[in-house]
Amino acid sequence: MADDPLTAFDEKLAKANIYGQWTGEKLFRNTDGPQPAGEPCLWKWAEVRSLLDEAAEVMPESQTARRSLMFDNPGLPRGTTHTMAMGMQLIRPGETAWTHRHSIAALRFTIEGAANLYTVVDGEPYPMEDNDLVLTPGWTWHDHHNESDKPAIWLDVLDVPLMGALNQVFYESFGEDRQPLADESGAMTARLGTLRPAWEARPTARVAVRYPWKDAEAQLRRLAGADASPYDGVALEYVDPLTGGPTLPTLSCWLQWLKPGQELKPHRRTSSAVCFVIRGQGRTVIDGTEIDWGPRDGFCIPNWAWHHHMNTSASEEAVLFSVHDIPLLRALGLYREEPEDSLGTGAPPPVPGNIADRTREPAAEQNKEK
Ligand code: 1HN
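Residues numbered from 1 in each chain as written. Predicted model: local features only at pLDDT ≥ 70, side-chain atom pairs only at ≥ 80, totals over all residues. Heavy atoms only, no water.

Here's the deal with the pattern of salt bridges
And then number 1: Taken as a whole, this structure holds 19 salt bridges when the rule is applied.
And then number 2: Glu338 is the partner of Arg268 in a salt bridge, and the nearest nitrogen-oxygen pair spans 2.9 Å. Of this pair, Arg268 sits in strand E15 (residues 268–269) while Glu338 is found in strand E22 (residues 337–338), placing the two residues 70 residues apart along the sequence.
And then number 3: Notably, a salt bridge pairs Arg269 with Glu337, separated by 3.4 Å at the nearest N-O pair. Placement of the pair is Arg269 in strand E15 and Glu337 in strand E22, with a sequence separation of 68 residues.
And then number 4: Taking the relative accessible area as the measure of exposure, Arg269 reaches 3% and is therefore buried.
And then number 5: Salt bridges linked by common partners bring Arg49, Asp53, Glu112 and Arg296 together as one network. (Salt bridge = Lys/Arg side-chain N within 4 Å of Asp/Glu carboxyl O. Helix = DSSP H or I, 4+ residues; strand = E, 2+ residues; numbered from the N terminus. Buried < 20%, exposed > 50% of the residue type's maximum accessible area, 1.4 Å probe, protein only.)

Shown next as structure tokens:
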């Protein structure tokens, strides 16, 4: 028994599986806001590309899973950021990555695509040509098929670490390689329908699953050069055309355009991001770490880390694809930015100082400041 009565009492509480909130430690250690989770990291295309070829040799069948090389942040127990996992997947000509579904939401950004490379999502085939974005929302059946004559590669981004942390991972295999197509003819007319079977309890597929590059690029060309955000440059968010909201309940996808030589201003947001370089050369400085990127490299920006992008080429534009866990945070009222709310989200201003210090101040002292 400790001599000090409070320490003795704390020991007594522990035996009853109780602790006094005053001991603090277990609830929150840091009262100065979030510490960025994980490290800023870069995955170079040349290395990943050669590892993908090697994966195709040592793993000739896709087996029960996917031939996806997942980018692992060495500063985290799992994931590329604390909420998202990014990887690159290769399927060989004639291969199928067979049908399954999971509560995890995912998206694919096509790196080396073809007209007859496609993902089937709840019975609808969606072609994956270069730079097309295809969503596989949580709990949708999906399988990938490469009916072209060359290997196909795409970027996978999923909310795996988030679903893991919430202990919400459900997984089901369809039991066959291919799911039946809704349209028996198999015509690849990626559905952009505004009518659905009313007798089905809920929509079987979201209206927007595929975002063709030709539309995205046209929009980028239209807005390139606009006097846009000093922090994000010309940043375009992919939206669900029905709701105007983000692509997925947890994840939002962006395209960013940086003019030659452009350097953006540093800021930080409570969200984290994973980025893929569509074209160009540049540098992103993340909490003092310099990440020098080129075409098809991937990198990550931990949450609440100060960062800014620059296009280091004096003559070429740079275009980034990125995925942010902003919708998740907005839904919970947790989205914030410093030094200002550049997205117009109405995010609360940053709270300076230390909660613990303030709660220890006598009430009279606090009142004097007001
Ligand atoms: C998954 O289902 C796919 O469907 C790719 O292609 C990568 C990584 C973790 C968990 C599920 C796919 C994945 C994955």
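Points about the site of the ligand
And then number 1: Inspection of the region around the ligand gives Arg66, Met70, Gln89, His100, His102, Arg108, His142, His144, Asp156 and Leu158 as its neighbouring residues.
And then number 2: In the model, an oxygen atom of the ligand is placed 3.0 Å from a nitrogen or oxygen of the Arg108 side chain.
And then number 3: In this structure, an oxygen atom belonging to the ligand sits 3.0 Å away from a side-chain N or O atom of His142.
And then number 4: Among the secondary structure elements, those contributing two or more residues to the shell around the ligand are strand E4 (96–102), strand E9 (142–146) and strand E10 (152–158). (Near = heavy atom within 4 Å. Polar contact = N/O pair within 3.5 Å; in protein donor to acceptor, adjacent residues only side chain to side chain.)

Re the sheet that holds strand E3 (residues 85–91)
And then number 1: Read from one edge to the other, the open sheet built from six strands follows the order E2-E3-E10-E5-E8-E12, with strand pairing classed as antiparallel. Both outer strands of the open sheet, strand E2 (68–70) and strand E12 (210–211), are each paired with one neighbouring strand and no more.
And then number 2: Where strand E8 (residues 133–136) meets E12, two bridges bridge the pair, whose relative direction is antiparallel. In the strand pairing of E12, Val134 is matched with Arg210. (Pairing = 2+ DSSP bridges.)

Here we look at a nonpolar patch on the surface
And then number 1: Together, Leu6, Phe9 and Trp22 make up an exposed nonpolar region whose accessible area comes to about 320 Å².
And then number 2: Relative to the assigned elements, Phe9 resides in helix H1 (residues 5–15).
And then number 3: Judged by its relative accessible area of 38%, Phe9 falls in the partly exposed class. (Patch = residues over 30% accessible without salt bridge, like charges linked within 9 Å, V, L, I, M, F, W, Y side chains within 5 Å. Areas by Shrake-Rupley, 256 points an atom, 1.4 Å probe, with all protein chains shown as cover.)

Quick look at the pairing of strand E16 (residues 273–279)
And then number 1: For E16, the tally of buried residues reaches six of seven residues, placing the bulk of the element in the interior.
And then number 2: With four bridges connecting them, E16 and strand E19 (residues 298–301) associate as antiparallel partners. Counterpart to Cys275 in the pairing with E19 is Phe299.

Concerning unusual backbone geometry
And then number 1: Looking along the chain, the bond that leaves Glu338 and enters Pro339 is cis, with omega of 5 degrees.
And then number 2: The backbone of Asn131 sits at a positive phi, close to 70 degrees, despite the residue not being glycine.
And then number 3: With respect to the helices and strands, the residue Asn131 is situated in the loop between strand E7 (124–128) and E8.
And then number 4: Classification of Asn131 as buried rests on a relative accessible area of 13%.
And then number 5: Positive phi values are uncommon outside glycine, yet Trp139 reaches one of about 70 degrees.
And then number 6: Structurally, the position occupied by Trp139 is in the loop between E8 and E9.

What to know about the environment of Ile111
And then number 1: By secondary structure assignment, the location of Ile111 is in strand E5 (residues 106–112).
And then number 2: Judged by relative accessible area, which is 2%, Ile111 ranks as buried.
And then number 3: Ile111 sits 21 residues away from Asp132 along the chain, and the two C-alpha atoms are 8.3 Å apart.
And then number 4: Residue contacts for Ile111: discarding those within four places in its chain leaves Trp45, Met88, Asp130, Ile153, Trp154, Leu155, Phe276 and Arg296. (Contact = heavy atoms within 4.5 Å.)

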